[in-house]
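What follows is each chain in one-letter form.
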Amino acid sequence: MAETLITAIGVKDSRVLKMIFAVSGIMTTLVIYGILQEKIMRVPYGADNEYFKYSLFLVFCNRFMTSAVSAGTLIASRKAIDPVAPVYKYCLVSMSNILTTTCQYEALKYVSFPVQTLAKCAKMIPVMIWGTLIMQKRYKGYDYFLALLVTLGCSIFILFPSGADLSPYSKGRENTVWGVSLMVGYLGFDGFTSTFQDKLFKGYDMEIHNQIFYTTLCSCVLSLSGLILEGHLFLAIDFVYHHLDCFFDVALLSTVATTSQFFISYTIRTFGALTFATIMTTRQLVSIVLSCVWFRHPLSWEQCIGSVIVFGALYTRSFFKKVSEKPRPSEHPMENMHNGASSLMKGSSPRGGEP
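Summary of the structure given here. (Residues numbered from 1 in each chain as written. Predicted model: local features only at pLDDT ≥ 70, side-chain atom pairs only at ≥ 80, totals over all residues. Heavy atoms only, no water.)

**Topic: the overall build of the protein**
Each helix and strand in the protein was counted, giving 14 helices and 0 strands. In sequence order, the protein lays out its α and β elements as α-α-α-α-α-α-α-α-α-α-α-α-α-α. Counting all 355 residues of the protein, 52% fall into the buried class. Carbon and sulfur atoms form 69% of the exposed surface of the protein, whose accessible area is close to 16700 Å². (Helix = DSSP H or I, 4+ residues; strand = E, 2+ residues; numbered from the N terminus. Buried < 20%, exposed > 50% of the residue type's maximum accessible area, 1.4 Å probe, protein only. Areas by Shrake-Rupley, 256 points an atom, 1.4 Å probe, with all protein chains shown as cover.)

**Side note on the pattern of salt bridges**
A side chain of one charge can pair with a side chain of the opposite charge when the charged atoms of the two come close. In total, this model carries 3 salt bridges according to the counting rule given. When the shortest N-O distance is used, the salt bridge between Arg 42 and Glu 38 registers 3.7 Å. With Arg 42 and Glu 38 both in helix H1 (residues 2–42) and 4 residues apart, the pair spans about one turn of that helix. Across the pair, Glu 38 and Arg 42 agree in class, each one buried. When the shortest N-O distance is used, the salt bridge between Lys 109 and Glu 106 registers 3.1 Å. (Salt bridge = Lys/Arg side-chain N within 4 Å of Asp/Glu carboxyl O.)

**Let's talk about the environment of Phe 276**
By the element assignment, Phe 276 lies in helix H11 (residues 273–294). Classification of Phe 276 as buried rests on a relative accessible area of 0%. Distance in space between the C-alpha atoms of Phe 276 and Val 23 is 8.8 Å, their sequence separation being 253 residues.

**Side note on the nonpolar core**
Grouped together as the largest cluster of nonpolar side chains are 28 residues, with contacts concentrated most on Ile 40, Phe 52, Phe 57, Leu 58, Cys 246, Val 250 and Leu 253. Mapped onto this core, the elements with two or more residues apiece are H1, helix H2 (55–76), helix H3 (87–107), helix H8 (208–230), helix H9 (233–242) and helix H10 (244–271). The dominant element in this core, judged by the number of residues it contributes, is H2, at 6 residues. If we skip the residues at most four places from it in the chain, Leu 58 touches Ile 40, Met 41, Phe 52, Tyr 105, Val 250 and Leu 253. One finds Tyr 110, Cys 121, Met 124 and Leu 314 within the second-largest nonpolar core, a separate group that totals 27 residues. (Core = buried A, V, L, I, M, F, W, Y, C linked by side-chain atoms within 4.5 Å. Contact = heavy atoms within 4.5 Å.)

**With respect to the environment of Ser 77**
With respect to the helices and strands, the residue Ser 77 is situated in the loop between H2 and H3. Note on Ser 77: relative accessible area 35%, which makes it partly exposed. Looking at Ser 77, its side chain comes within polar contact range of the main-chain oxygen of Leu 74, at 3.3 Å. (Polar contact = N/O pair within 3.5 Å; in protein donor to acceptor, adjacent residues only side chain to side chain.)

**A few points about helix H6 (residues 141–159)**
Over its 19 residues, H6 extends 27 Å from the first C-alpha to the last, a length consistent with the 27 Å expected when each residue adds 1.5 Å. If you check which residues of H6 are buried, you get Asp 143, Leu 146, Ala 147, Val 150, Gly 153, Cys 154, Ile 156 and Phe 157. (Expected span 1.5 Å × (residues − 1).)

**Quick notes on the packing of H2 against H10**
Viewed as axis vectors pointing N to C, H2 and H10 meet at an angle of 45 degrees, and their least axial separation amounts to 9 Å. In terms of orientation, H2 and H10 fall into the oblique class. Classified by chirality, the crossing of H10 by H2 is right-handed. Contacts from Phe 57, Leu 58, Cys 61, Asn 62, Met 65, Thr 66, Val 69 and Thr 73 in H2 reach Val 250, Ala 251, Leu 253, Ser 254, Thr 255, Ala 257, Thr 258 and Phe 262 in H10. Split by residue class, the contact of H2 with H10 holds 10 nonpolar, 6 polar and no charged. (Axes fitted to C-alpha atoms, helices over the stretch in contact; angles between N-to-C directions. Parallel < 35°, antiparallel > 145°, perpendicular 65-115°, else oblique. Left-handed = near helix turned anticlockwise from the far one by under 90°. Nonpolar A, V, L, I, M, F, W, Y, C, P; charged D, E, K, R; others polar.)

Written out as C-alpha cells, the structure reads:
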C-alpha cells in the first residue's frame, strides 16, 4: 500500500515537472517571438531610423532554420528522409503558408501587435468555413455561439483603438483599413492552410519531422524565389549587414520560432490538445500585456471590454470541454484554431504564423 502511494506521488510529481517544462518553454519562446516580430517590423534601426520592410525575408529565414533542424533530426534518428507524399502536395501547403505568414508580418506595419494578436483568436471562423467547404464537417450550436462572441470581442477591439496608438507607417485611416485587410487575409489563408493540409496528407503514414522538413523546404524555395523576383533579396541582406542589431533580431526570431515548435509538439503529445489550447490562450493574453507595456500601446476602455469578451469566451470553452465528454477533434474548430498557432509543427505557419 505504501509503495503504491509513493509510486503515485512520484508519477504526479513527474507530471507536474513536465507541465512546468512545457508551459515555460511555450510561454518563453512564443512571447519572445511576439516581441521580436513587433520590434523588427515597427521599430527603426540605426541613426537614420530606417525600418525593415522585407517580410518575405523573415519567412525565408524562419523556414530555412526549421527545415535544417528537421533534416538534422531525421538524420540523427535514422528515420526516412524521402518524401512520403507527392512533392506537389508539400508545395501547395507551402504556398498557402507563405501567404499566411507574409500577411501576418505586413499587417504589423499598419496595426499594433495587440490588435493582431487578438484578431488571431478569430481564426476559428475561417477554419469553420473552410472545414465546411473542403471537408464537409458539421459544427454544433455552441461552436457558432463561441465564434460569434470572439468575433464581437475582436471587432470591438479593432473599431475602438486608442487615439494615441499610431503606427510608424500610418498616413491616415486608409492604412488602418489596409492593416485590417491584411489580417483578414492572414485569417483566411491560415484557416485554409490547416484544413487543406489535413485533406492533402490524409491517408499517409507520415512522421511529423518528415512533413515539417519537406513543407518548410518548399517554403524556402518559394520565398527565396519571391525575394529574387521582387528584387528584395540583396536589399534585405544589405539592411541586416549594415544593422547588426537587426541581424541578431532576425536570427533570434528564427531560433525561437523553431524551438517553439518542439515545445508545442511535446505539449500536445504529453498533455493533449485541450491543455495546449489553454496554454496558447494564456500566451496570447501575456503577449498583449507585455506588448502594451514594452512598446507603450495605450488601450481604450472599449478595447479592454473586447479583450475580456474574447479571452472569457476562450477560457469558458476550455472549461466546458474539460468537464464534458471529450469530443472528436475534427468536429471542433477550437482545437483547429489553436493547432493553427502550431502550424510549423504541422508543416504550416508559425504563428505563423507562424506561431
